[in-house]
Amino acid sequence: MMDIDIKDEDLPFEDEIQRDPYKLRGWLRYVDHKSQAPARTVNIIYERAVKQLPGSYKLWKSYLDHRTSQLSKQNPVQSEEEHRKVKLCFERALLHLHKMPRIWLDYLRFLTKQPDVTVTRRTFDRALRGLPVTQHLKVWPQYLRFAQSVGGLVAGRVYQRYLKVWPEQAERYVDYCVDTQQWSEAAAALVRLLDNPGFRSPRGTTVFQLWKQLAQILKNQPHAVSRSGDLDVERVLRDGIMRFSSDQTGSLWVALASHFIALGEFDMARDVFEEAVGVGKVNTVRDFSLVFDAYAEFEESTIAADMEAQVEQSIGDPGRRQLVRDKKAMILDLRLLRLERLMDRRPFLVSDVVLKQQPHSVQAWLRRVDLWKGQTERVIETFERAVATVDAHKVTDGKVSDLWKAYAEHVEGDDVDAMRGVLDRATSTPMASVAELADLYVWYAEKELALGQSERALQVLTQATAVPRAVASTFRKIDYRDDSVPVHHRVFKALKVWNLLVDIRESMDDAVDATRAAYDRMLELRIATPQTIVNYADFLEQHKYFEDSFKVYERGIDAFGYPVAIELWNIYLRRFVSRYGATKPERARDLFEQALDKCPDRYAKPIYLAYGQMEETHGGGLARRALRIYERATRGVARNQKLELFQFYAAKTAELLGPVHARSVYERGIEELADAQALVLSIEFAQVERQLGEIDRARALYAYASQFADPRVSPQLWSVWNEFEVRHGNEDTFKDMLRIKRSVQAQYNTDAQFLAAAEIEKKKQRKSGGVGGVGTAAAAVAGTNVEGFERQKNGQNQPQMEEEEGQKDGAENPDEVNIDFDDDDL
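Residues numbered from 1 in each chain as written. Predicted model: local features only at pLDDT ≥ 70, side-chain atom pairs only at ≥ 80, totals over all residues. Heavy atoms only, no water.

Caption draft 1: Inspection of the overall build of the protein at higher detail. Within the protein, the regular secondary structure consists of 41 helices and zero strands. Look at the contacts in the protein between residues 6 or more apart in sequence, and 56% of them connect residues 24 or more apart. Of the roughly 45000 Å² of accessible surface on the protein, a fraction of 49% belongs to carbon and sulfur atoms. (Helix = DSSP H or I, 4+ residues; strand = E, 2+ residues; numbered from the N terminus. Contact = heavy atoms within 4.5 Å. Areas by Shrake-Rupley, 256 points an atom, 1.4 Å probe, with all protein chains shown as cover.)

Caption draft 2: Inspection of the packing of aromatic side chains at higher detail. Evaluated as defined, the whole model comprises 37 aromatic pairs. Ring centres of Phe348 and Trp372 lie 4.5 Å apart, and the angle between their planes is 50 degrees; this geometry places the pair in the tilted category. Placement of Phe348 in helix H18 (residues 318–357) and of Trp372 in the loop between helix H19 (362–371) and helix H20 (376–389) is noted, with a sequence separation of 24 residues between them. Given the relative accessible area of 21%, Phe348 is considered partly exposed. (Phe/Tyr/Trp six-rings, centres within 6.5 Å; stacked < 30°, edge-to-face > 60°. Buried < 20%, exposed > 50% of the residue type's maximum accessible area, 1.4 Å probe, protein only.)

Caption draft 3: Geometry of the packing of helix H27 (residues 530–542) against helix H28 (residues 546–559). Where H27 contacts H28, the two axes come as close as 7 Å, and the packing angle between them is 170 degrees. Considered as vectors, H27 and H28 are oriented roughly antiparallel to each other. Residues Ile533, Tyr536, Ala537, Asp538, Leu540 and Glu541 of H27 pack against Phe546, Asp548, Ser549, Val552, Tyr553 and Gly556 of H28. Per-class residue counts for the contact of H27 with H28 are seven nonpolar, two polar and three charged. (Axes fitted to C-alpha atoms, helices over the stretch in contact; angles between N-to-C directions. Parallel < 35°, antiparallel > 145°, perpendicular 65-115°, else oblique. Nonpolar A, V, L, I, M, F, W, Y, C, P; charged D, E, K, R; others polar.)

Caption draft 4: Inspection of the nonpolar core at higher detail. One finds Leu214, Leu403 and Ile607 to be the most contacted residues of the largest nonpolar core, which totals 198 residues. With ten residues, helix H29 (residues 564–580) is the largest single contributor of residues to this core. With residues up to four places along the chain from it excluded, the contact list for Leu214 reads Ala187, Leu190, Val191, Leu194 and Val236. Tyr630, Tyr649, Leu701 and Phe708 belong to the second largest nonpolar core, which has 34 residues in total. (Core = buried A, V, L, I, M, F, W, Y, C linked by side-chain atoms within 4.5 Å.)

Caption draft 5: Local environment of the environment of Thr68. Its location among the elements puts Thr68 in helix H4 (residues 57–70). With a relative accessible area of 21%, Thr68 lands in the partly exposed category. A sequence separation of 42 residues divides Thr68 from Phe110, and the C-alpha atoms of the two residues are 7.5 Å apart. In contact with Thr68, other than residues within four places in its own chain, are Val86, Phe90 and Phe110.

Caption draft 6: Representation of helix H38 (residues 731–749) in the model. Across its 19 residues, H38 extends 27 Å between first and last C-alpha, which sits within 8% of the 27 Å expected from 1.5 Å per residue. Restricting attention to buried positions, one finds in H38 the residues Glu731, Thr733, Phe734, Lys735, Met737, Leu738, Lys741, Val744, Gln745 and Tyr748. Sitting at the amino-terminal end of H38 is Asn730, which places a side-chain oxygen 3.1 Å from the backbone nitrogen of Asp732. (Expected span 1.5 Å × (residues − 1). Polar contact = N/O pair within 3.5 Å; in protein donor to acceptor, adjacent residues only side chain to side chain.)

Caption draft 7: Structural view of unusual backbone geometry. In this structure, Pro563 follows Tyr562 across a cis peptide bond, with omega equal to 10 degrees. Here Arg526, not a glycine, exhibits a phi torsion of approximately 60 degrees, which is positive. By the element assignment, Arg526 lies in the loop between helix H26 (512–524) and H27. Despite not being glycine, Lys544 shows a phi value in the positive range, around 70 degrees.

Caption draft 8: Representation of the side chain of Arg490. You can see Arg490 is positioned in the loop between helix H24 (454–465) and helix H25 (495–507). The exposure class assigned to Arg490 is buried, which follows from its relative accessible area of 3%. Within the structure, the side chain of Arg490 is placed 2.9 Å from the backbone oxygen of Tyr480, a separation counted as a polar contact. When near neighbours in sequence (up to four residues on either side) are disregarded, Arg490 contacts Val434, Ile478, Asp479, Tyr480, Arg481, Asp482, Asp483 and Val485.

Caption draft 9: Quick peek at the pattern of salt bridges. Scanning the model with the defined rule gives 50 salt bridges in all. Its salt-bridge partner being Asp439, residue Lys496 comes within 2.4 Å of it at the nearest N-O pair. Linking Lys496 in helix H25 with Asp439 in helix H23 (residues 434–450), this pair joins segments that are 57 residues apart in sequence. Two residues, Glu631 and Arg635, come together in a salt bridge whose shortest N-O distance is 3.3 Å. Taken together, the residues span about one helical turn, with Glu631 and Arg635 both in helix H32 (residues 623–636) at a distance of four residues. Judged by its relative accessible area of 48%, Arg635 is partly exposed. A single salt-bridge network, built from bridges that share partners, covers Lys61, Asp65, Arg102, Asp106 and Arg109. (Salt bridge = Lys/Arg side-chain N within 4 Å of Asp/Glu carboxyl O.)

Here it is, written out as structure tokens:
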């Protein structure tokens, strides 16, 4: 207490610590009070405090931080004594707090700033021994940084101890060795990692990435690795190549060859390159490209080195210069020849790699064949290898039949029989699908046709369409699309083959019976299409077998349901009427009745029209027969087709019997049709009455049709009626039209359905830029129509054209009639 100067303001603090020297808070307040005092004074207070409270972590931590902060800017060498005193303070603290990792870490951080490496290393060791294992993770990062800063043997030993505890952190040691250029130790560490099957990188590094890192070290630092003698580089790299034999071995092959190149063993390097690309040890094009490029670069570098050496050694004695030049020139020529041969081999080597990777690739085999162009024996050998290797069900691109076709085309130029032998083999080999086999048969037959051998083509197609013996008893049950049945047992039902067969038969003049037999066989096998039916019938018709052709149509109609049957009926009926319509009308009528018997109403329209046309043309001049057919049509077709049939029926009635007789047609149509269709028919009916001069009947029709026409949705009726009244009406009739229009509009305004329809119509009009139907009618009433009414009252039947454009707005018109009447006037 006598070593410090105690002032009056310190007395309360002194009294407090005297009363209770074991109270931590009193000592901390005293220290805080003396924080601005000299460092020695504060140190003495701390010494007094730790003497009373030697086990207080908080007190020791504050004291040690205070002491180390005093030396933060001092040189450890120049202030060695002060640093020694602080170390003694840490040692005293650790006597009581040796389980506190923060005290150790502060102490170690303090020591690492001093030059005494041995003391620091031993203190790190004491910390690891003193702290529990669970706290070691806090010490090791600082220990490793210290070891890396020291380097040498110390760092190696520290890392070895570290890896014994945490072997999964071996990559940190590899990084350290690489950073310090300890290549031999880095390679050895990587080898140990790769030999450990249970190693899992905490960084997510894959095993292949570790192999690439090892290969890079062995490639770039061959001398450093070889000098150690602890690592067999070739054995290590070959072990890696064996582990990754399926993929990604290119970099390892290059590393192995580069290692020998760096050691000057060029022949060994060349053997490695040849083993990789020549023998086919690499399995991907990427790896091949990597190794081949390195191989070519190696050969080019050796050539460049020989050329430079030849120039240098040619200086000196002329005789010796000539001898050296000759010797080097020969070696250089050999190297150039080797490089040229290597580049010529490249396409074949690439093809080998591709075929090794994709043995069932048709396109790869065809490219391989192209490489041997001009060498027939090699081409045939390649084709034989291809067809023996490729599995039709494993083909990755193209079809196996393409391979056989290319093979046949190649041998065709030399020997046609050889081509036939190839195609015969092809048709007996398995195919991926029955369509592929059928295409092959068709191609085979077309080849025979190109050679002018139609009989041989027929033999090929006959062979294809023959029923196999294995399914002779059940061939009718075989489904062409059933993949569970072998393709050779289904190809006899291939339509493409049959079509070509009948085409060839038809082209022969003396093969009518054979052609008919082929068509009949297609019908029996149930593979005929509607087009087949039409073709068969056309063929029979061309050869004057008319009745037989009609039977073919009937067989086709029985075989195919609607809607296909309707097309066959149309062709059948047209052909029959063209042939026998005038001579056998009763039979024609029977056919039409048969066609209509089971025909759905939505397909019956063309038959009815053709029936009526037949009666008009070949019915003996009785128009009413045709009209009865058209009347049946209005009842026998689908609902959405009835309006069109009624219009056609009415037009035909007017044409054959006169417009007056068409009234009954219109009347029945208006009764039977839906409202929208009845409206259209009513307008047409009224137009007919106008043409007949029946003005009152036309007006009554307009009034009747008005119940179907909402002015906002269907303005057509009102515009036509408006025009009609302008021409033929008077003021009273026009008022009646307006009254009816207003009544209809009021009726539709109360119906939600019609209101929705009106809203939709308005939207359409807005999009088209038009004006609503009501506004249009009102404008027509207020405008040009008045003049027409006036002239009607004056006895004129036709309205006057519009007034001259030069008339000014607001000019008085003496003929104007005021139609601004109120609703009460109507």
